[in-house]
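Single-letter residue listing:
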Amino acid sequence: MISIALDGPAGAGKSTLAKAAAKKLGFIYVDTGALYRAVGLKFSRLGYNTELNCEIEPILENTAVDIRFIGEEQHVFLDGEDVNALIRTPEISMMASAVSARPPVRAFLLELQRKLARENNVIMDGRDIGTVVLPDATLKLFVTAAPETRADRRYKELLEKGADVKYDDILSDIKTRDYNDTHREIAPLKVAEGGIVFDTDELDFNAALAALMEIINKEVKK
Ligand code: DC
């Protein structure tokens, strides 16, 4: 099986790029952030905030997270419920970042991610795919861009969806999440050994996709 690990900070364009590349290659696109978001939703529904003042493990013992593909689209199921439509809010973004810093949560989601890569050719998008989940991935990429560029992209994306959001709030959320994701003790966001840094700052979507496909064709087929 071929696995392509795509790590990087929030809003770097990983998901749109990975989805498009997966389609071209006939691979499955796995958005691992959605798994952390589903766990974040669970804790939010139980009434906890990002401080997570609770015992994590007993809650995880009563939690089921799974991925199913409906057509080409990944759907995340939390305790049997399709929660795709509920996990993209700013509140759940912050909850996902909070739960993702907890070792039991990372351990809880690890095997599901590895199993998907054992059984399918995948492009897996996340923060620790090349460093922890799939250290032997065929290709490891670290996709990045400046915080302001990422905030601008996320802002436009949310506006298109009709969300009532402010650019400054998004930028500040991105910076907070970057800090959390790169400074946590477990599986911090960083370039994997043997990873290639792919900076999308100056590239629009089409240029970034073309550059990504070039790297994939060169590195995966050699
Ligand atoms: O990619 P995203 O914004 O949907 O991710 C939501 C949060 O989950 C993000 O703050 C970091 C965390 N995450 C992680 O720690 N490891 C992953 N493999 C994917 C996401």
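Residues numbered from 1 in each chain as written. Predicted model: local features only at pLDDT ≥ 70, side-chain atom pairs only at ≥ 80, totals over all residues. Heavy atoms only, no water.

### Quick look at the packing of aromatic side chains
Counted under the stated rule, the structure contains two aromatic pairs. Ring centres of F43 and Y48 lie 6.4 Å apart, and the angle between their planes is 50°; this geometry places the pair in the tilted category. The exposure class of F43 is buried, given its relative accessible area of 0%. Since its relative accessible area comes to 28%, Y48 is described here as partly exposed. Over the ring of F77 we find R68; its NZ or CZ atom is 3.7 Å from the centre of that ring. (Phe/Tyr/Trp six-rings, centres within 6.5 Å; stacked < 30°, edge-to-face > 60°. Buried < 20%, exposed > 50% of the residue type's maximum accessible area, 1.4 Å probe, protein only. Lys NZ or Arg CZ within 6 Å of the ring centre and 35° of its normal.)

### Thoughts on the pattern of salt bridges
Evaluation of the coordinates by the stated rule reveals 13 salt bridges. The salt bridge partner of D31 is R88, with a shortest N-O separation of 2.9 Å. Placement of the pair is D31 in strand 2 (residues 28-31) and R88 in the loop between strand 5 (81-82) and helix 4 (90-100), with a sequence separation of 57 residues. Classification of D31 by relative accessible area gives buried; the value is 12%. Using a relative accessible area of 40% as the deciding quantity, one classes R88 as partly exposed. For the salt bridge of K42 with D79, the shortest nitrogen-to-oxygen distance reads 2.7 Å. A residue pair is termed long-range when its members are at least 10 positions apart, and K42 in helix 2 (residues 33-45) and D79 in the loop between strand 4 (73-78) and strand 5 qualify at 37 residues. Taken together, the salt bridges that share partners define one network made up of R127, D181 and R184. (Salt bridge = Lys/Arg side-chain N within 4 Å of Asp/Glu carboxyl O. Helix = DSSP H or I, 4+ residues; strand = E, 2+ residues; numbered from the N terminus.)

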